[in-house]
Amino acid sequence: MQVLLGDQPIEVYGNKPKTGNPLVGRFVLPPAYNTKRALRDIDLTKGIVILSTLPNIKSNACTTQVLDLENEIKKRKLNAKLYHVACDCPDHWEEVRQLHPFLKAKGFTLEKANPADVETFKKSLGVGVAGSKRIVHGLFAFQDGKLLKAYIPRQQYGSPNIKKFLNSIFGNGK
C-alpha cells in the first residue's frame, strides 16, 4: 500500500486487519507514557480498545492525535481503553506529559522493543514504513479482540480525522 506525506509517496507494508477478524501476531511493546506495564497483543482482546499508531510523538500532528482521541472518547463517554504506540523513545513523551498532564491514555514505544515484536506489530496492523524504523498514522478499534474498524489515512501529513473514525463506529456522538 502507498500513502503520501505531502506529495511524497511512502510505501507501507504489512496486512491491515480485516473488519471482524482478530489481530494476527503476538507482540510485547515497552511502556512509555502513563503506565509501567508493557502492551501485549492480548490487551486488545477485552472490551472496546482504540489503538493509535504514531510516527513521531514529538510532532504536532501526533500530539494532536493523542489529545483529540482522548477528548473525543471522553466527550462521547465511551467505555473504551485507549493505547498509543509511537516509534520514539519514552523520553519523547515528556513534552506531551508537560503540556497535557490530564491525559489518561497509555503510550508505548517501538524504540525499546524487541525487533521481532516490532516487526510483528508493524506487519499485523499494516503500519510499517518500508526502509524506515517508522510507522504511519493509524487508528484501529477492536471489540473483544475483533477488529471493528481500521483507518490508515492516505495523506499522512497531519492528524487523522478522529471524529470521522469514531462516527463510523459509534455514530455521531451527540
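Preceding this paragraph is the structure being described.
How each quantity is defined
- Residues numbered from 1 in each chain as written.
- Predicted model: local features only at pLDDT ≥ 70, side-chain atom pairs only at ≥ 80, totals over all residues.
- Heavy atoms only, no water.
- Core = buried A, V, L, I, M, F, W, Y, C linked by side-chain atoms within 4.5 Å.
- Buried < 20%, exposed > 50% of the residue type's maximum accessible area, 1.4 Å probe, protein only.
- Helix = DSSP H or I, 4+ residues; strand = E, 2+ residues; numbered from the N terminus.
- Contact = heavy atoms within 4.5 Å.
- Pairing = 2+ DSSP bridges.
- Salt bridge = Lys/Arg side-chain N within 4 Å of Asp/Glu carboxyl O.

1. Focus on the nonpolar core
Core analysis: the biggest nonpolar cluster contains 28 residues, and Leu29, Leu51, Val85, Phe121, Phe140 and Phe142 have the highest contact counts within it. Counting residues per element, the ones that place at least two in this core are β2 (8-13), β6 (48-54), β7 (80-86), α3 (115-125), β10 (138-143) and β11 (146-151). Per element, the largest residue contribution to this core is three residues, and it comes from α3. Ignoring any residue separated from it by four or fewer positions in sequence, one finds Phe142 in contact with Leu23, Leu44, Gly47, Ile48, Val49, Leu51, Leu125, Leu147 and Leu148. With eleven residues, the next largest nonpolar core counts Ala32, Ile57, Cys62 and Val66 among its residues.

2. Let's talk about the sheet that holds β2
In space, the three strands of this open sheet follow the order β1-β2-β9, with antiparallel pairing throughout. Edge strands, defined here as strands with exactly one partner in the open sheet, are β1 (2-5) and β9 (128-129).

3. Things to note about the pattern of salt bridges
A complete count under the given rule lists five salt bridges for this structure. For Glu72, the salt bridge goes to Arg76, with nearest N and O atoms at 2.9 Å. Within this pair, Glu72 and its partner Arg76 are both found in helix α1 (residues 60-76), separated by four residues, close to a single helical turn. The pair formed by Glu72 and Arg76 is uniform in burial state, with each residue classed as buried. Close ionic contact of Arg97 with Glu94 constitutes a salt bridge, the shortest N to O distance being 3.2 Å. Of this pair, Arg97 and Glu94 both sit in helix α2 (residues 94-99), three residues apart, roughly one helical turn. Classification of Glu94 by relative accessible area gives partly exposed; the value is 34%. Through salt bridges that share partners, Glu72, Lys75 and Arg76 make up one connected network.

None of the figures reported here should be taken as evidence of function without further support.
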